[in-house]
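# Notes for the structure review
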Amino acid sequence: MSNTMDSKSLPPHIALFPSAGMGHLTPFLRIASMLLRRNCAVTLITATPTVSAAESSHISSFLHEHPQVKHVGFQIIQLPHSKQDDPFYLQFESTRRSVHLLHPLLSSSSPPLSAIFADFFVASSITSVSTKLGIPHYLISTTSVKFLCLLAYLPELISDPAKFDHSFTEVEISGLTPFPISSIPPPFKDPNHLFTKTLLQNSRALSKAKGIFMNSLQCLEAETLEAVNNGGVLSHSLPPLLPIGPLELYEIKTEKGQYMTWLDRQPAESVVYVSFGSRTAMSREQIREISKGLERSGHRFLWVLKSSKVDTEDKIQLKDLLGDSFLERTKNKGTAVKGWVSQPEILEHPSVGAFVSHCGWNSVIEAARRGVPVVAWPQHGDQRLNAEIVQRGELGIWDRKWGWDGDKELVCGEEIEKKIREVMGDEKLRKMAKKVGEEARKAAETGGSSEKVLSEVLEFLQK
Ligand code: UDP
């Protein structure tokens, strides 16, 4: 680990401020741990109450392991809502609108803060806090560079509804490779959708940040990074993008899950790991088709199931979802888990040979880190654009015909079986994915491209 900072001046004190969901908290905790390893002082701001139990338990464990981190539990103002509202979208917006209450909680920080690293989802309101404190703020993006570009372009896209009419099949952002309009999340077509409104507010404020940290890799997104940082693409809406991926993992002492012991007993690269992230629930019908696909493929599998968006509501038992006979028939081939698993540990395990993933960006980068080939099965949000990056970067395969979000037709067991056989049998893909893994390791090691970017920012903040 490099520590090029001048020993005479104090290392910077950074306040980290994630927004809602594990997909946001996880990269912030990773960056917190990277900063601690570089001797920075760290303040962690977390909105309370959290949406999921996973968030509160990870925050507690992290603080327990790192008692030197100062914690600011930030009581946010809950917005009026109805039962149909997505709890994560609501929390994004409630947090964004509560930020004006944050300044007094930070103003007497000791040593004084050097910078705030905040979530994209508070971009619009964090500026007033950093200005009052007289310090810069950086944003941490939890998505791909490509999707971030789409977000920066969103105000323009939405200002012209004709762009969504049937004569347009592609989104063209000058200087970037166009992408199909079918990869845009359906809520973007409705300017009154809560998610779209929150994103729009934040998108308009991106340029106020000193830079945006990206958990991305040159080898996956070189073209887009180059277009923004050196080609001036979206220069009126974006500050410099700072690629620091793959983020280093942090360790929390937990009991070894039974699924890890099961993985230990499997041959190298023989297991298909199936998971759709922290907040994607599959329908019962789709779960049945996945079970068919896995069983028919004949490959070993580790399958993590979620049947509700928020973990505290996820009460259905595994056997009620899968049936005793499936569990009995496949007991020597696979293991199914309900609840939280340590995904980074799973992906690092030598028995894992492929990953069926929704392509949440953290999951993509975790797969890239170890060079595990991916079957991309995007479900919503940024995931179709992310899947395209996976496919182009030769980290995995993607069948664009598999529906998503508003267009979620059932993917049948036979198709799933075919894709699993394809990914497990494709030696060339395996090699290419491993190459991505090597690039990722190089970027993160001392003197690597990502490590240098972070060191330079910290040196700047120390002055
Ligand atoms: N994750 C995990 N265990 C789980 C579910 C998710 O460790 O059971 C982690 C996963 O490794 C990733 C994050 O939670 O770091 C999920 O983020 P991602 O962007 O992949 O998807 P999201 O959950 O936001 O859709």
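The coordinates are above.
Notes on the structure in this doc start here. (Residues numbered from 1 in each chain as written. Predicted model: local features only at pLDDT ≥ 70, side-chain atom pairs only at ≥ 80, totals over all residues. Heavy atoms only, no water.)

### Description of the environment of Asn-362
As a reminder, the rule being used: Strands are runs of DSSP state E lasting at least 2 residues, helices are runs of H or I lasting at least 4, and numbering of each runs from the N terminus. The criterion used for residue contact is that any of the two residues' heavy atoms lie within 4.5 Å. What qualifies as a polar contact is a pair of N or O atoms within 3.5 Å, subject to a donor-acceptor requirement within protein and to the restriction that residues adjacent in sequence count only when both atoms come from side chains.
One can find Asn-362 in helix H14 (residues 361-370). Spatially, the C-alpha atom of Asn-362 lies 27 Å from that of Asp-190, the residues being 172 residues apart in sequence. Residues in contact with Asn-362, not counting those within four places in the same chain, are Gly-23, Pro-27 and Asn-215. Of the polar contacts made by the side chain of Asn-362, one reaches the backbone oxygen of Gly-23; its length is 2.8 Å.

### Focus on the site of the ligand
Threshold: By convention in these notes, a residue is near a molecule or strand provided one of its non-hydrogen atoms lies within 4 Å of it. Here, Shrake-Rupley sampling with a 1.4 Å probe gives the accessible areas, and only protein chains in the shown set may cover a residue. Nonpolar residues are Ala, Val, Leu, Ile, Met, Phe, Trp, Tyr, Cys and Pro. Charged residues are Asp, Glu, Lys and Arg, and all others, Gly as well, are polar.
Around the ligand lies a shell of 16 residues, among which Ser-278, Val-341, His-358, Ser-363 and Glu-366 are the nearest. The side chain of Asn-362 places a nitrogen or oxygen atom 2.9 Å from an oxygen atom of the ligand. Contacts to the ligand include Glu-366, whose side-chain N or O atom sits 2.5 Å from an oxygen atom. Protein contacts shield 94% of the accessible area of the ligand, which totals 530 Å² for the unbound molecule. Within the residue set of the shell around the ligand, elements represented by two or more residues are helix H1 (22-37), helix H13 (343-348) and H14. Its residues placed into classes, the shell around the ligand shows 4 nonpolar, 9 polar and 3 charged.

### What about the nonpolar core?
Let me state the cut-off plainly: Buried Ala, Val, Leu, Ile, Met, Phe, Trp, Tyr and Cys residues that are joined via side-chain atoms within 4.5 Å together make up what is termed a nonpolar core. Only protein chains enter the area calculation, which uses a 1.4 Å probe; residues under 20% of their type maximum are buried, those over 50% are exposed, and those in between are partly exposed.
Ranked by size, the top nonpolar core spans 61 residues in total, and within it Phe-17, Ile-126, Ile-184, Phe-188, Leu-238 and Leu-241 carry the most contacts. It is helix H6 (residues 145-159) that provides the largest number of residues to this core, a total of 11 residues. When neighbours within four sequence positions are excluded, Leu-238 is seen to be in contact with Leu-148, Cys-149, Ala-152, Leu-206, Ser-207, Ile-212 and Val-228. Core analysis: the second largest hydrophobic core is formed by 34 residues, Leu-217, Tyr-259, Val-304 and Leu-395 among them.

### Some remarks on the environment of Trp-402
The topology assignment puts Trp-402 in the loop between strand S15 (396-398) and helix H16 (413-425). As for Trp-402 and Ile-389, which are separated by 13 residues in sequence, their C-alpha atoms are 16 Å apart.

### Some thoughts on the sheet that holds strand S5 (residues 137-141)
Note the following rule: Only strands joined by at least two bridges in the DSSP assignment are considered to pair. Fitting a line to C-alpha atoms yields each axis, with helices limited to the stretch in contact; the angle taken between N-to-C directions then spans 0 to 180 degrees.
Strand order across the open sheet formed by 7 strands is S3-S2-S1-S4-S5-S8-S9, with parallel pairing between neighbours. Each edge of the sheet is formed by a strand with only one pairing partner; in this case those strands are strand S3 (70-75) and strand S9 (241-243). Averaged over all adjacent pairs, the angle separating strand axes in this sheet is 25°, with direction ignored. Here strand S8 (residues 212-214) pairs with S9 via 3 bridges, running parallel. Within the sheet, the bridge partner assigned to Ile-212 lies in S9 and is Leu-241. Across the sheet, H6 is in contact with S5, S8 and S9; its angle to S8 comes to roughly 145°.

### Section: empty space enclosed by the protein
Over the atoms rolls a probe the size of a water molecule, and its path tells where empty space is left. Rule in force here: Grid spacing is 1 Å over the protein atoms alone, the probe is 1.4 Å, and a cavity is where that probe fits but cannot get out, while a pocket is an open set with protein on both sides within 12 Å along at least five of seven lines and lining residues have an atom within 4 Å of a point. Grid points are joined across faces, edges and corners, and a volume is the space filled by probe spheres set on the points.
This structure, assessed with the given rule, holds 5 cavities of 30 Å³ or more. Put simply, the largest cavity is a space of about 100 Å³. Taken together, Pro-18, Ser-19, Ala-20, Leu-25, Thr-46, Ala-47, Thr-50, Glu-55, Ile-59, Gln-91 and Thr-95 make up the full set of residues lining the largest cavity. Within the residue set of the lining of the largest cavity, elements represented by two or more residues are strand S2 (41-48), helix H2 (53-65) and helix H3 (87-98). In this model, the second largest cavity occupies a volume close to 60 Å³. In terms of lining, the second largest cavity is formed by Phe-276, Gly-277, Thr-280, Met-282, Ile-287, Ile-290, Trp-303, Val-304, Leu-305 and Lys-306. The element best represented in the lining of the second largest cavity is strand S11 (residues 300-305), accounting for 3 residues. Considered class by class, the residues forming the lining of the second largest cavity number 7 nonpolar, 2 polar and 1 charged.

### Focus on the pattern of salt bridges
Put simply, the test is: Salt bridge, as applied in this entry: a Lys or Arg side-chain nitrogen positioned within 4 Å of an Asp or Glu carboxyl oxygen.
Counted by the stated rule, this structure contains 25 salt bridges. Residue Lys-253 is joined to Glu-65 by a salt bridge in which the shortest nitrogen-to-oxygen separation is 3.6 Å. With Lys-253 in the loop between S9 and helix H9 (258-264) and Glu-65 in helix H2, the pair connects residues that are 188 residues apart, well separated along the chain. Classification of Lys-253 by relative accessible area gives exposed; the value is 71%. Since its relative accessible area comes to 25%, Glu-65 is described here as partly exposed. Salt-bridge contacts for Asp-160 lead to Lys-163; the nearest nitrogen and oxygen are separated by 3.8 Å. For Asp-160, a relative accessible area of 30% puts it in the partly exposed group. For Lys-163, a relative accessible area of 22% translates into the label partly exposed. In this structure, a network of salt bridges that share partners links the residues Arg-296, Glu-414, Glu-417 and Arg-421.

### Examining the environment of Ala-336
For Ala-336, the location among the structural elements is in strand S12 (residues 334-338). Placed 31 residues apart in sequence, Ala-336 and Leu-305 show a C-alpha to C-alpha distance of 7.2 Å. Those residues in contact with Ala-336 that lie beyond four places of it in its chain are Trp-303, Leu-305, Leu-318, Leu-322 and Leu-327.

### Regarding the pairing of S2
For a regular strand, side chains alternate in direction, first toward one face of the sheet and then toward the other. The test is simple: Throughout, right-handed denotes a crossover for which the path from the first strand over the helix to the second runs clockwise when the strands point away from the viewer.
For S2, the tally of buried residues reaches 6 of 8 residues, placing the bulk of the element in the interior. Alignment of strand S1 (residues 13-17) against S2, held across 4 bridges, turns out to be parallel. The residue of S2 that forms the bridge with Ile-14 is Val-42. As for the winding sense of the linkage, the β-α-β connection from S1 through H1 to S2 is right-handed. Bridge count for S2 against S3 is 6 bridges, and the pairing is parallel. Among the inter-strand pairings, Ala-47 is bridged to a residue of S3, identified as Phe-74. The parallel pair S2 and S3, bridged by H2, forms a crossover whose chirality is right-handed.

### Re the packing of aromatic side chains
Applicable threshold: Centres within 6.5 Å make a pair out of two Phe, Tyr or Trp rings, where for Trp the six-membered ring is used; the pair is then stacked when the planes are under 30 degrees apart, edge-to-face when over 60, and tilted otherwise.
Scanning the model with the defined rule gives 17 aromatic pairs in all. With a centroid separation of 6.0 Å and 75° between ring planes, the pair formed by Phe-17 and Phe-74 is classed as edge-to-face. A residue pair is termed long-range when its members are at least 10 positions apart, and Phe-17 in strand S1 and Phe-74 in strand S3 qualify at 57 residues. We note that Phe-17, like Phe-74, is buried. Ring centres 5.4 Å apart and planes at 25° place the aromatic pair Tyr-138 and Phe-213 in the stacked group. Of this pair, Tyr-138 sits in strand S5 while Phe-213 sits in strand S8, and the two are 75 residues apart along the sequence. Across the pair, Phe-213 and Tyr-138 agree in class, each one buried. The rings of Tyr-89, Phe-92, Phe-120, Phe-121, Phe-147, Phe-188 and Phe-195 are connected pair by pair, giving a single aromatic cluster.

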